[in-house]
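Residue-level structural notes
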Amino acid sequence: MPVLKVIDRDGAEHDVEARSGLKLMEPLRELDYGIAAICGGMCSCATCHVYIDPEWATRLPPAMSDERELLSELAHLKPGSRLSCQVEMTDSLAGMRVTIAPDE
Ligand code: FES
């Protein structure tokens, strides 16, 4: 199972298992320091906002228009911003660094 490097809002780094085929949101919302994911992955709340490290961001499929639209409304938008409910885990993403974005 791929293991991610997850950086919480306090800057602490954690190893987190993320099963291939699941959305990145799934393991992150199980964490005490993780995301809220209030809409459950419907791409309508943006409480699953994360930053993907630059070296990994280009390896992900690009965001679709509804994800891009929601991201564009966020105050904490940065390069590497993604909605984790729209990112599917694969084995090739083992080691990816993901930072939990601040609450909006
Ligand atoms: S969980 Fe709501 S937009 Fe991702």
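Here the structure is a predicted model, which means the values were calculated and not measured.

What follows concerns the sheet that holds strand 5 (residues 97-100). In space, the 5 strands of this open sheet follow the order 2-1-5-3-4, with mixed pairing throughout. A single partner strand is all that each edge strand has here, and the edge strands are strand 2 (13-17) and strand 4 (81-83). Going across the sheet, the axis of each strand differs from the next one's by a mean of 40 degrees, ignoring polarity. Bridge analysis of strand 1 (residues 3-7) against strand 5 gives 3 bridges, and the strand direction is parallel. Within strand 5, the residue paired with Lys5 across the bridge is Arg97.

What follows is about unusual backbone geometry. The phi torsion at Ala37 lies on the positive side, around 50 degrees, for a residue other than glycine. Relative to the helices and strands, Ala37 resides in the loop between helix 1 (25-29) and strand 3 (49-52).

Glancing now at the nonpolar core. Within the largest apolar cluster, 22 residues are counted, with the highest numbers of intra-cluster contacts made by Leu24, Met25, Ile35, Cys48, Val50 and Val98. Examining the composition of this core, we find that 3 residues originate from one element, strand 3, more than from any other. Setting aside chain neighbours within four positions, we find Cys48 in contact with Met25, Ile35, Ala37, Leu83, Ser84 and Cys85.

Of note, Arg97 is situated in strand 5. A tally of 17 C-beta atoms within 10 Å means that Arg97 is categorised as partly exposed. Along the backbone, Arg97 and Ser44 are 53 residues apart, and their C-alpha atoms lie at a distance of 24 Å.

Calculation criteria
Residues numbered from 1 in each chain as written. Predicted model: local features only at pLDDT ≥ 70, side-chain atom pairs only at ≥ 80, totals over all residues. Pairing = 2+ DSSP bridges. Helix = DSSP H or I, 4+ residues; strand = E, 2+ residues; numbered from the N terminus. Axes fitted to C-alpha atoms, helices over the stretch in contact; angles between N-to-C directions. Core = buried A, V, L, I, M, F, W, Y, C linked by C-beta atoms within 7 Å. Buried ≥ 20, exposed ≤ 12 C-beta atoms within 10 Å, placed from the backbone. Contact = placed C-beta atoms within 7 Å.

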